Each structure stands twice: as C-alpha cells, then as structure tokens.
Amino acid sequence: MWQASNVYVICSFAAIGGGLFGFDISSMSGVLGTQAYKRYFGGPVSYRQGGITCAMPFGSLVGALSSSFVADRYSRRSSIQIASVFWIVGSIIQCASINIGMLVVGRVIAGICVGIASSICPVYQAEIAPKEIRGRVVSLQQWAITWGILIQYFIQYGASWVGGGPDDPNQPTSAFRIPWGVQIVPAVILFCGMFFLPKSPRWLASKDRWEEAIQVMARLHGGGDVNHPKVLAEYQEIEEALRFEREEAISSYRQLVAPRMLKRVILGMSIQMWSQLCGMNVMMYYVVYIMEGANIASPLLTASIQYILNVTLTLPAIVYLDKFGRRPSMLIGSFLMMSYLFVVGALQASYGVPNVGSLKDKTNSDISWIIHDNKPVSKAIVAMTYLFVCTFATTWGPTSWTYPSEIFPTKIRAKAVSLATASNWFWNCILAFAVPPLLWNINWKMSFIHMFLTAPETKGKTLEEMDDVFDSGIPAWKAVPKGSRLDQLQKDIEAGKIKIQHPIGEFLALLGCGSGISLHMSSLVKRTRRRSTMDFKKAVRTNTFVRQP
C-alpha cells in the first residue's frame, strides 16, 4: 500500500485528531441557547447542564489515561484510528439522543476519543518529525484545535437558524442534531487516511521491527536511501537509546517514578495544568460575560472575532517556534498574559459598578458587575481580552503540546504524555465548576516562576538527546550547549570517519552484495514485514530469499 513520505503532509493529516479536540470544546456552546435544545431536553440548568457539559471532559480524562496501553501495544497510528471509531460511535449516539442519559453516554464515548487523540497525536508527530521542524509540526496540533473550535462554532451558529431561529418555541430538533451529526465527517476522514501514513519508526524499533523502521526513516529523511548518512545516524541514535533503556532492566511504570524521570513527568503534567489554569479556558467559555460586563458590543460578534484571532495567531508559532525556542515562548507568554489579566481586573475594579437598579435589564441580568457609560474603558477591556487570546495562541497554546511530547524516552513516552494530557483534562473538569476570577490573579505569576526554574530549552535536540538535556546538571535557566549529537554523527559518517552497519546492510552483506549480487529491497521488506531481526538473519543464512541476477 502506498504511504505518504512528506513529514508536513503526515503530521498535518494526523493533526485532524486535534481538530476533534476543538470540536469537543465548542460542541455545546452553539446549541445551549436554542429553543429546540431547551424544549427537547427539558431546559437543563445548573448541575444538570454541568453534568452534560462535563461528560465529554470526563470521557477525555479516561481516554487520556488509557491511551498509552493502546499506543504501546498496537502502535501510535492504530491508536489514532481506534480513537476515531470512538468519536464516530459517540457522535452517532449524540445525534440520535432521545433523552439526557443517552446524550451523556454519547459525550462520554466521544470524550474517550478526544483523550486518546490529544495524547497520542503529538507523540506520533514528534516521533515522525526531524528535530529541525519538530516544534513546527507538533504545533499543528494546536492549530487544528483552533480550527475545530471555529468550524464547530459556525456550524452550530448556522444550524441554530433552522426553523424560525433560536427563539422559535417550535424549532425542530435538527437545530442541534445537524452539528452533532456533521462532526462525524472528520473522524471518518482521519480513520481512513491513517492507513496511508507510516507507523512511527521509533515504535517499530521498540518492537525490534528494525527493517520496517529503517525503511520508514529512509522514506522520511533519506529520499528512500537506507544508507543515507542521516538515516544511519538516526538509526544509531535510536538503537543506542533503546539498548540503554533495556540494560536498565526497569519496567516502564517504575521508570515513571524513578527520581531522574519523575521531575520530567511532573514538568509535563504542570505545563498542561498551567495551560488550563492560565485563564484561556475562562476566556473561551466566559467571553460572553466579559463582553457583557464591558458593555460594548454583541457577545456573539465578539466571541466569533476571538475564535478567528485564535486561529490566525497560532500561525506565527508554527513558523517560528523552532527558531525562537520553547522556553522563551512560555516565559514571555506567561508574563504578557499575566499583565493583560491584571489590566482587565484593574479596569473593572476602578471603573466598574454593581449591576443593580436601573442598570440591570434582561440583556445583562446574568452579570453582577458592569462598565457603565465609559466607552474608552470598555474598549480597553476588549483590547486586553483579545491581546490575551493572541498571546496564548502564539506562545503557550502550541508549546503546551510540543514540550511534553518530546522530553521523554521511547519506553515511557506514551505513558508519560498520557499522564500530562490527563492533567489537562482533570483541570478542564475542575474549571467547569470553578469561579473564574479566583484563577486570574495568581496563576500566571506562579507559572512564570515554575517554568523559569524547571523547564530547560529543547529546540534543536533529538528525542534521544533529552536525557542529556535534563540529566546534565545544568540549571534550567542556563543555556544548554548548542548543536546536536546527531549532526556531528552524520558529518562523521559522510566523511567516512565512522562506519555504521544497520540490519538491512548486514543482510545485504550476507547475501554477497559486495560481489555484485543485488536484491530488490521492496520485496525483501514486504516478505519479512512481521519478522524480528533475528528471524530475518536466519532466513538469509538459510538462503530463503531468491537472489536476483
């Protein structure tokens, strides 16, 4: 079967899994205000609506925690396909819901997909991509999330006008069934398309399927040449890292809590935690209340502008993250977002008044504080809100997915990233019931200090060099040595200083390639697709394969 070999195409397509995350985030926002939804489900409010909304984050938490078992056993690619099946089944149940119980079950099942996809898609992208563009292609995950939010928002907004519009008491149920049904489409595309993408070479290597791993690396990084210096260097790096992990003779679960690895696990979980507690979810979920309090424009209009800004401003991170670095992105983003939130709070405190008496009407009855008759202050609040979203989209949004996916060794990568993503979903559930102002005044000051003290720079390093970065003893706030071991190894191979013989090269030598005997590599790999390296060597020694004249 034909498989894609362009890294950008592979990682962009896999990012559709992130798009499902975006669909999840805005899966309820556009239907809550429709008369069809309120009438059909009995006007759920308070804890009942909270339970419906939180059903999907709960499923996502379960999916994130279980994702490593699927990814380590069946491959990263297959786990993404399994996640797609969960989304399709969950969306069908939601679309066909006849009561709240059925709706909740559908959202939990779809949430399992989001948990698996949000954990494994970044891992798959990181293991496919070369170090020079790893940050760029993993950032596509965040961009896909923003697109999912935007697309689902406008699908729901359009569907809300079915019948007589969102205020029509006899509005048909298609107002909410259409958006819940349409979201099946990207999952079907993702499931089918993944058949045409390669499996992770690092996962293949971890299963001793070296022939397939080398062929994948050759197509991705060597133009199909298994003896390309970059392919040989990468093979050597992966092989040494796996050999070191196996010599430690420690289970992957025990390794998660080993002192040298535990700090990385906590760091990955903390980054995902701060990405939730920074205030971005408050901005996305409660922007309507913020704009009502600013008393300046239509809440629906201001929300749509914010979603568009979120999509657009993620692009600079995709382009520049590998040049600018992960650490500066998190530190600068923390400081700027903290500043914007303080300004919004200060303006509200200084110029706002209680929303009581003549100020309160049916359009703003759901807020308790308002800026009255002061357009410059209202515009400043809106501007700070938009700047906050733009800053998150350019800094913490992409980095919060890139950093955890690259700092762990192959043996525990899926498990550690699943814990980090589970942290994201745990705090997502907490925020559904939290009071936003309590979070705004302290968290970005705290996260700035945390990242400054614990998060070293990782740009330009291979996944196999992360042990050197974290175990070097160099404080996080000091620069790590520039350059990559892989680059030097590649140069030495090109100069002929180092000779590296990978399994396929050994097999060719055994077959007598030095004497002019050639072998069709595609046939060789196809016939040994499921064999281990030792079985393959045995087959060669017993002359199983036919030599070509």
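Notes on the structure follow. (Residues numbered from 1 in each chain as written. Predicted model: local features only at pLDDT ≥ 70, side-chain atom pairs only at ≥ 80, totals over all residues. Heavy atoms only, no water.)

**Here's the deal with the nonpolar core**
Link 1 in the chain: Within the largest apolar cluster, 72 residues are counted, with the highest numbers of intra-cluster contacts made by Val7, Ile10, Ile80, Trp87, Tyr124, Ile128 and Val137.
Link 2 in the chain: Among the elements that make up this core, the one with the highest residue count is helix α6 (residues 100–128) (eleven residues).
Link 3 in the chain: Contacts of Ile10, omitting those with residues within four sequence positions, involve Ala4, Ser5, Tyr124, Ile128, Leu197, Pro198 and Leu220.
Link 4 in the chain: Core analysis: the second largest hydrophobic core is formed by 36 residues, Met261, Tyr403, Ile412 and Met466 among them. (Core = buried A, V, L, I, M, F, W, Y, C linked by side-chain atoms within 4.5 Å. Buried < 20%, exposed > 50% of the residue type's maximum accessible area, 1.4 Å probe, protein only. Helix = DSSP H or I, 4+ residues; strand = E, 2+ residues; numbered from the N terminus. Contact = heavy atoms within 4.5 Å.)

**Quick notes on a nonpolar patch on the surface**
Link 1 in the chain: Together, Met1, Trp2, Phe195 and Phe196 give the surface a local cluster of nonpolar side chains, amounting to about 510 Å² of exposed area.
Link 2 in the chain: Tracing the sequence through the fold places Phe195 in the loop between α9 (184–193) and α10 (201–206).
Link 3 in the chain: Overall, the relative accessible area of 34% leaves Phe195 in the partly exposed class. (Patch = residues over 30% accessible without salt bridge, like charges linked within 9 Å, V, L, I, M, F, W, Y side chains within 5 Å. Areas by Shrake-Rupley, 256 points an atom, 1.4 Å probe, with all protein chains shown as cover. Salt bridge = Lys/Arg side-chain N within 4 Å of Asp/Glu carboxyl O.)

**Details of unusual backbone geometry**
Link 1 in the chain: Even without glycine at this site, Ser75 takes up a positive phi of about 100 degrees.
Link 2 in the chain: Residue placement: Ser75 occurs in the loop between α4 (46–74) and α5 (76–95).

**Digging into the packing of aromatic side chains**
Link 1 in the chain: All told, the structure shown has 17 aromatic pairs when counted by the stated rule.
Link 2 in the chain: Summarising the aromatic geometry, the rings of Tyr153 and Tyr307 are spaced 4.9 Å apart at their centres and angled 65 degrees between planes, so their arrangement reads as edge-to-face. Of this pair, Tyr153 sits in helix α7 (residues 134–159) while Tyr307 sits in helix α16 (residues 299–312), placing them 154 residues apart in sequence. Take Tyr153 and Tyr307: they sit in the same class, and that class is buried.
Link 3 in the chain: Ring plane angle 50 degrees and centroid distance 5.2 Å describe the contact between Phe176 and Trp180, whose orientation is recorded as tilted. Of the two residues, Phe176 and Trp180 both sit in helix α8 (residues 174–182), four residues apart, roughly one turn of that helix. Note on accessibility: Phe176 and Trp180 belong to one class, buried.
Link 4 in the chain: Ring-pair connections join several aromatic residues into one group, and the members of that group are Tyr37, Tyr40, Phe41, Phe176 and Trp180.
Link 5 in the chain: The ring of Tyr40 has Arg177 sitting right over it, with the charged end atom 5.0 Å from the ring centre. (Phe/Tyr/Trp six-rings, centres within 6.5 Å; stacked < 30°, edge-to-face > 60°. Lys NZ or Arg CZ within 6 Å of the ring centre and 35° of its normal.)

**What to know about the pattern of salt bridges**
Link 1 in the chain: Counting across every chain of the model gives twelve salt bridges.
Link 2 in the chain: For Glu406, the salt bridge goes to Arg134, with nearest N and O atoms at 2.6 Å. Placement of the pair is Glu406 in helix α20 (residues 396–406) and Arg134 in helix α7, with a sequence separation of 272 residues.
Link 3 in the chain: Relative accessible area serves as the criterion here: at 1%, Arg134 is assigned to the buried category.
Link 4 in the chain: Look at the salt bridges and you will find they share partners, linking Asp72, Arg76, Glu127, Arg413 and Lys415 into a network.

**As for the packing of helix α14 (residues 259–277) against helix α21 (residues 410–431)**
Link 1 in the chain: Put simply, α14 and α21 touch, their axes get as near as 8 Å, and they point 30 degrees apart. Relative to α21, α14 is oriented roughly parallel. Remark: the crossing between α14 and α21 carries right-handed chirality. Residues Met261, Val265, Gly268, Met269, Gln272, Met273, Ser275, Gln276 and Leu277 of α14 lie in contact with α21, whose contacting residues are Ile412, Ala416, Leu419, Ala420, Thr421, Ser423, Asn424, Trp427, Asn428 and Leu431.
Link 2 in the chain: Along the lines of polarity and charge, the residues of the contact of α14 with α21 split into eleven nonpolar, eight polar and no charged. (Axes fitted to C-alpha atoms, helices over the stretch in contact; angles between N-to-C directions. Parallel < 35°, antiparallel > 145°, perpendicular 65-115°, else oblique. Left-handed = near helix turned anticlockwise from the far one by under 90°. Nonpolar A, V, L, I, M, F, W, Y, C, P; charged D, E, K, R; others polar.)

**Some thoughts on the environment of Phe335**
Link 1 in the chain: Position of Phe335 relative to the elements: it lies in helix α18 (residues 326–351).
Link 2 in the chain: We classify Phe335 as partly exposed; its relative accessible area is 46%.
Link 3 in the chain: For the pair Phe335 and Thr391, spaced 56 residues apart in the sequence, the C-alpha separation amounts to 10.0 Å.

**Here's the deal with the side chain of Glu127**
Link 1 in the chain: If you trace the backbone, Glu127 turns up in helix α6.
Link 2 in the chain: With sequence-adjacent residues up to four places away left out, Glu127 is seen in contact with Arg76, Ser200, Pro201, Arg202, Trp203, Arg413 and Leu463.

**Comments concerning α6**
Link 1 in the chain: An ideal rise of 1.5 Å per residue puts 42 Å on 29 residues; α6 measures up with 41 Å between its terminal C-alpha atoms.
Link 2 in the chain: Of all the bends found along α6, the most pronounced is centred on Ala117 and spans about 25 degrees.
Link 3 in the chain: Counting buried residues in α6 gives 23 out of 29 residues, a clear majority hidden from the surface.
Link 4 in the chain: Structurally, the start of α6 carries an N-cap: the backbone nitrogen of Gly101 is 3.2 Å from a side-chain oxygen of Asn99. (Expected span 1.5 Å × (residues − 1). Bend = angle between axes of the 7 residues up to and from the residue. Polar contact = N/O pair within 3.5 Å; in protein donor to acceptor, adjacent residues only side chain to side chain.)

**Describing the environment of Arg107**
Link 1 in the chain: Note on placement: Arg107 falls in helix α6.
Link 2 in the chain: Owing to a relative accessible area of 1%, Arg107 belongs among the buried residues under this scheme.
Link 3 in the chain: On a C-alpha basis, the gap between Arg107 and Gln94 in space is 6.7 Å, while along the polypeptide they are 13 residues apart.
Link 4 in the chain: Excluding its chain neighbours within four sequence positions, the residues that come into contact with Arg107 are Ser27, Met28, Ile52, Thr53, Ala55, Met56 and Gln94.
Link 5 in the chain: In terms of polar contacts, Arg107 uses its side chain to reach the backbone carbonyl oxygen of Ile52, at 2.8 Å.

**Notes on the packing of helix α2 (residues 16–25) against α9**
Link 1 in the chain: Across the interface, α2 lies against α9 with an axial gap of 10 Å and an inter-helix angle of 160 degrees. In terms of orientation, α2 lies roughly antiparallel with respect to α9. In the packing of α2 onto α9, the handedness of the crossing is left-handed. Only Pro186, Ala187, Ile189 and Leu190 of α9 make contact with α2, whose side of the interface consists of Ile16, Gly17, Leu20 and Phe23.
Link 2 in the chain: Residues belonging to the contact of α2 with α9 are distributed by class as follows: seven nonpolar, one polar and no charged.

In short, the description is geometric, and any link to function would need to be established separately.
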